[in-house]
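Spelled out from the first residue to the last, the chains are:
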Protein chains: 6
Amino acid sequence: MPLDAWASLGNNLSGAAPVKSVDLKVVKEKLYTAVLSDTLDSVGLTRQALGRSIRPLSEDLVMVGRARTALYADIYHVNPNENPYDLEIELVDDLKHDDVCVLCCNRSNRIAPWGELLSTAAQVRGAAGCLTDGLVRDIRSIREIKFPVFHGGIGPLDSKGRGKVIAIDVPVEIDGVGVNPGDLVVGDADGVIIVPQSVEEEIIKVALEKVSSENRTRNALRRGIPLRQVFEEFGVL
Amino acid sequence: MPLDAWASLGNNLSGAAPVKSVDLKVVKEKLYTAVLSDTLDSVGLTRQALGRSIRPLSEDLVMVGRARTALYADIYHVNPNENPYDLEIELVDDLKHDDVCVLCCNRSNRIAPWGELLSTAAQVRGAAGCLTDGLVRDIRSIREIKFPVFHGGIGPLDSKGRGKVIAIDVPVEIDGVGVNPGDLVVGDADGVIIVPQSVEEEIIKVALEKVSSENRTRNALRRGIPLRQVFEEFGVL
Amino acid sequence: MPLDAWASLGNNLSGAAPVKSVDLKVVKEKLYTAVLSDTLDSVGLTRQALGRSIRPLSEDLVMVGRARTALYADIYHVNPNENPYDLEIELVDDLKHDDVCVLCCNRSNRIAPWGELLSTAAQVRGAAGCLTDGLVRDIRSIREIKFPVFHGGIGPLDSKGRGKVIAIDVPVEIDGVGVNPGDLVVGDADGVIIVPQSVEEEIIKVALEKVSSENRTRNALRRGIPLRQVFEEFGVL
Amino acid sequence: MPLDAWASLGNNLSGAAPVKSVDLKVVKEKLYTAVLSDTLDSVGLTRQALGRSIRPLSEDLVMVGRARTALYADIYHVNPNENPYDLEIELVDDLKHDDVCVLCCNRSNRIAPWGELLSTAAQVRGAAGCLTDGLVRDIRSIREIKFPVFHGGIGPLDSKGRGKVIAIDVPVEIDGVGVNPGDLVVGDADGVIIVPQSVEEEIIKVALEKVSSENRTRNALRRGIPLRQVFEEFGVL
Amino acid sequence: MPLDAWASLGNNLSGAAPVKSVDLKVVKEKLYTAVLSDTLDSVGLTRQALGRSIRPLSEDLVMVGRARTALYADIYHVNPNENPYDLEIELVDDLKHDDVCVLCCNRSNRIAPWGELLSTAAQVRGAAGCLTDGLVRDIRSIREIKFPVFHGGIGPLDSKGRGKVIAIDVPVEIDGVGVNPGDLVVGDADGVIIVPQSVEEEIIKVALEKVSSENRTRNALRRGIPLRQVFEEFGVL
Amino acid sequence: MPLDAWASLGNNLSGAAPVKSVDLKVVKEKLYTAVLSDTLDSVGLTRQALGRSIRPLSEDLVMVGRARTALYADIYHVNPNENPYDLEIELVDDLKHDDVCVLCCNRSNRIAPWGELLSTAAQVRGAAGCLTDGLVRDIRSIREIKFPVFHGGIGPLDSKGRGKVIAIDVPVEIDGVGVNPGDLVVGDADGVIIVPQSVEEEIIKVALEKVSSENRTRNALRRGIPLRQVFEEFGVL
């Protein structure tokens, strides 16, 4: 399959058995978002990096895992006849090891869908972290338990009466980037990258090669070798 | 008085003697913005939390006090015949213990109405902190003296020739939330909550009860009990 | 020359020999952005401070140096026949001691023109820092080597296929403030100030005087003297 | 009931029989949004006017009717097992004479929930118009059949796969203003006003009186009488 | 080729001979942006419609043609040694019948790259219109000569010293939608659609069929048949 | 005086007798905003055109006159002890022939400082129009009496309790452009230009020459002469 055709795979929702062959531990130890972004660029997948508005709560924590998605809708009243947290609870109680909660709030800044209690529950289940374009609250407690959260802002507002989950494990978008259930989600101090599951093996392989080039480049630059000469030799910047 | 009617009380400017019966020390030690936000929500006061654009200068400082307001206006020249800081000086020199300077700049990002010198003057008078939707400057010095400031951004721009106080101790708005003189202002790492003075006693009482629920919930979640079961038991998320 | 006329000098590109008589070490040790902003204000140069959207990567690093500019353009494809980093490499390889790389991305948030490798190369050449309205990446490594970067956001996106330098050492704008090659650029925790080269001597001189006033003011305020009295004596706020 | 207490009534969802005693024809013929806004202001209901981002498709059409609401949620895929228009169809097929479709898209600009076909269906049922913060399409045809639409922008994007109705006849918000089912919605060239149902009788009565003052004021001004004198006499500006 | 794979074709820059078999006259007479948007949606090409910020200068003019692109860069000074309009002139002088000038200004609002003189020159050469995310000026004269312009705003600012073309006939983006040279550009009162050249034949064919369904739907709705019944029969909304 | 020095003159507030020698009738009949913008550019005054957010209420009306300024401040309550319209009334009652009311609302969208009644009063006094970055209301009536208004949006909100004039006849800014009392304000369908009073004679003279070049250019282009040839001959684009 030609690399150019990969762009369409992000929306692949076919029933084919998911390829979970990538070793997440290797990704976490050896790779980082910048090199993954460059690698995805190199195969024409240029829209996989979230923008500057999504930031880590703890810049020293790395998050690597697979997307478990929830789609929020803005609401404007409390319906006394329903549990507003129903689907949210269902998702969190079903979290598996290395899952990343991906909570799409459609860039709304009205709600904080994530906080300390959900962090605690998710961490107990081995989840790898949480990614949301909504707000996060209880930030000092979350930092203390070292649970990785990448968020669209900080604020104390509960979702009750303001937003509710209308679907889980469906395709969503965070900051304009599509995220499908099962996609590889990698976050560090520089931001967050979504690696579509269908191309992850190839991307990880190329990225690992690229990392060693960057190390050689850095060493050369430290020795004061001109940038032009270093770039010509290693092709990395 | 029915809780539904509270919404209108935010604008209560009647001359009735203010009820300052709440113990601010208890609020500072036992409560936090998230639980206050939930409590205000529960009585229909859903617009009391400032949004993500107002951030603490020092995330480890908590601010609890009563609003002393100043209303800024954008200006575009220096009037040589007046002291541009006149009302600002009047307000700061009149600050009492536990007062919070609330400087409304109408979300302007042209001025930094607050800096190290005013922090020093306010701290000497026992003020509890400063809340502004404008900018703050001299941030390293302010952090050093541990004076709590919640702000709309950081920048070195003096207000002279750009903005001036046109009224003090009047109703203002910060990030869309009304603040009346005397309102309870609570800020921590998660953000800032305005508790209208007329309802503060009731709110504090309910919030204190809610805190103990949350503690029990957290402990249950840490033991790995399913979220659904915990939520059903404690009703908190 | 009357001070009022200085406003027009920002665009002075005349061939007159640059006046580099200011001692950058003195600026770095004794001055800071807030006092420079006030001083520039006092001579009518009121648009020299960058706004709140430009932030330091490391709030404890100070940057003082002279602008070496690069102008980026957004692009939407990779041209296989050209080295996309050509002018960027030329600029960085030519950096002199105390130069500040000023990378104008026209407030674009699509690219991170700066990262660890360029920081390393610039630092080896004695550059004073980097100022950009674009993104920065590899932030943990940059912080580690203590290279000052003032940026418009954080993100992992390489410029390749998204932006390229179309000119170096030309006038640019960062956050609405004009920057000419050779202008004095000063950045600290409070933000960034551009001092036009033609007025820098005068500005530095006045700013140094202002600093000692502020110190006396602070001391008076700490002793609890009323703000009004202190302001009347020292004229500083 | 004191007028000050009205502010809380916007959220009144009690089962009390709706008071539909106001004659909509009189409102349409004699009143307009500016005078209604002033009247609502005068009783402390200062947040009932939509802002400048909501504009009429046809500036010469007036819309007066009662809110029938639909709440949209952003979605990011098509679910092949459901009719995406289900609730939307239910609402439109149930429209009564003088109903106004109020479609809350949470300020999303991804979808055009309204177009020519729905306008045709609504007009056949006697509906008074449509108000949405989303987009509208088929604008030339809608203008031709003279169906009033007040919208958040123009664009050809169908809602299928981008948004769907998750609830009808529930409280919503348009441009920050709460709209409850049954509220009076008035739109003209100047914008849109939401009159909470519980206060509409009083508001209409006061507004009608205010209109005649304005007419006298206008006539006086046309004769060249100084504004100050006219204002002192009629108290209107 | 499966329709799902089309998404990647937008970036197809291969040297294969362009398929210009579509009859533009038919598109102009029978199709419109709403039906094209729906048709593109139906094959998974969901990002081909420009958003609400791009508006027609004359809502009664339709534009159908092929993209001739120019990429602008923001600049901040006039270079006395070059003709700032060089590439712009080259593009306009080379316009062929049915070409659409697509001027990408990267959403900049600093320049009006298009005005009356260029409209006159383009119209003489038979060009179909102009699409830009920059500003347009001389709007009354352009409307008079009935030259279709779709723009990002209106303003009198010349590009000289503010922006210049850095490349022509290259891939660009307008309002987030990729436009390749030769792509079909269709604009009307509802907005603008970009049909990638590689899929245009199929899209036009399906769209023409969809149009007749819509006509039948409209007629049925006018007769008062319930929306649900009409939707079930024609599947169009 | 060298043209480069003009930039600083915008802030000239000296008491020297104003030079009102320009014939406003000539400006209105022969010039327009695009040619004035180009002329101001040519002498280095590149920040005199308002941006796309300020639009005419009636695109067929031209406004030429001298600025009479009012500076608004956002407020958040009604002070029962003062006439909120006091300074506004003073300004309007003092309007002279050819005056343009320039109402600076600091880009606030909370108030409509201008409406039909003030338009009527201003028109009676011979005022040339109104320019505001706030909202305007009663737009259909204002269009009917053909009073030129250039505004920042349309909305029914009265200023009472939301904003008030704090100074008249002082320097202000509209959309980032400084306006001093007495400056020449020119508005037409393309936008608004501020010509500083101190340079108006020179600007008008050069602009009149430029207009005849443009006419010759247009005629040449209509005859199909290549743009390059025409530009080389007339130097206008």
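Structure: above.
Summary of the structure given here.

Quick notes on the overall build of chain A
Moving on, step 1. A tally of helices and strands in chain A yields seven helices and 10 strands.
Moving on, step 2. Relative to the 2.2 N^0.38 estimate, which gives 18 Å for 237 residues, the radius of gyration of chain A is 19 Å and therefore close to what a compact globule would have.
Moving on, step 3. Oriented by its inertia axes, the alpha-carbon framework of chain A measures out at about 70 × 40 × 30 Å.
Moving on, step 4. Per-residue burial for chain A yields a buried fraction of 62% across its 237 residues.
Moving on, step 5. For chain A, contacts bridging at least 24 residues in sequence account for 76% of all contacts bridging at least 6.
Moving on, step 6. With the model as given, the accessible surface of chain A reaches about 8800 Å², and the carbon-plus-sulfur share is 48%.
Moving on, step 7. Positive and negative side-chain charges in chain A, numbering 27 and 34 respectively, have mean positions lying 4 Å apart.

Concerning the packing of aromatic side chains
Any aromatic ring pair is given by two values, namely how distant the centres are and how the planes are angled relative to each other.
Moving on, step 1. Tallied over the entire structure, the rule returns 12 aromatic pairs over all chains.
Moving on, step 2. Between F231 of chain D and Y85 of chain F the ring centres are 5.3 Å apart and the planes differ by 85°, which places this aromatic pair in the edge-to-face class. Separated into two different chains, F231 of chain D in helix α7 (residues 227-234) and Y85 of chain F in the loop between β2 (63-74) and α3 (86-93) make up a pair that spans both.
Moving on, step 3. Among the residues examined, F231 of chain D registers a relative accessible area of 14% and is labelled buried.

Things to note about the interface of chain A and chain B
Moving on, step 1. With 33 residues of chain A at the interface, the matching set in chain B holds 29 residues.
Moving on, step 2. Each partner contributes to the roughly 2600 Å² buried at the junction of chain A and chain B, and carbon and sulfur atoms together form 55% of this total.
Moving on, step 3. Inspection of the region where chain A meets chain B yields five salt bridges.
Moving on, step 4. The shortest N-O distance in the salt bridge between D86 of chain A and R228 of chain B comes to 2.7 Å.
Moving on, step 5. Here chain A and chain B share 11 residue pairs in polar contact (both at pLDDT 80 or more) between them.
Moving on, step 6. Where the side of chain A that touches chain B is concerned, the elements lending two or more residues are α3 (86-93), α4 (116-124) and α5 (139-144) of chain A.
Moving on, step 7. Taken together, the residues of the side of chain A that touches chain B sort by class into 12 nonpolar, six polar and 15 charged.

A short note on the relation of the copies chain F and chain B
Moving on, step 1. Superposition record for chain F on chain B: RMSD 0.0 Å, screw rotation 180°, translation along axis 0.0 Å. Taken together, the rotation and translation relating the two chain copies correspond to the operation of a two-fold axis. Considering only C-alpha atoms, the part of chain F nearest the rotation axis is A73 of chain F, at 2.6 Å.
Moving on, step 2. In this assembly, 100% of the residues forming the interface of chain F have copies in chain B that are likewise at the interface, indicating an isologous arrangement.

What counts, and where the lines are drawn
- Residues numbered from 1 in each chain as written.
- Chains lettered and ligands numbered in written order.
- Predicted model: local features only at pLDDT ≥ 70, side-chain atom pairs only at ≥ 80, totals over all residues.
- Heavy atoms only, no water.
- Helix = DSSP H or I, 4+ residues; strand = E, 2+ residues; numbered from the N terminus.
- Rg over C-alpha atoms; globule rule 2.2 N^0.38 Å.
- Buried < 20%, exposed > 50% of the residue type's maximum accessible area, 1.4 Å probe, protein only.
- Contact = heavy atoms within 4.5 Å.
- Areas by Shrake-Rupley, 256 points an atom, 1.4 Å probe, with all protein chains shown as cover.
- Lys, Arg positive; Asp, Glu negative; His and termini not counted.
- Charge placed at Lys NZ, Arg CZ, Asp CG, Glu CD.
- Phe/Tyr/Trp six-rings, centres within 6.5 Å; stacked < 30°, edge-to-face > 60°.
- Buried area = accessible area lost by both parts, 1.4 Å probe.
- Salt bridge = Lys/Arg side-chain N within 4 Å of Asp/Glu carboxyl O.
- Polar contact = N/O pair within 3.5 Å; in protein donor to acceptor, adjacent residues only side chain to side chain.
- Nonpolar A, V, L, I, M, F, W, Y, C, P; charged D, E, K, R; others polar.
- Least-squares fit on C-alpha atoms with pLDDT ≥ 70 in both.

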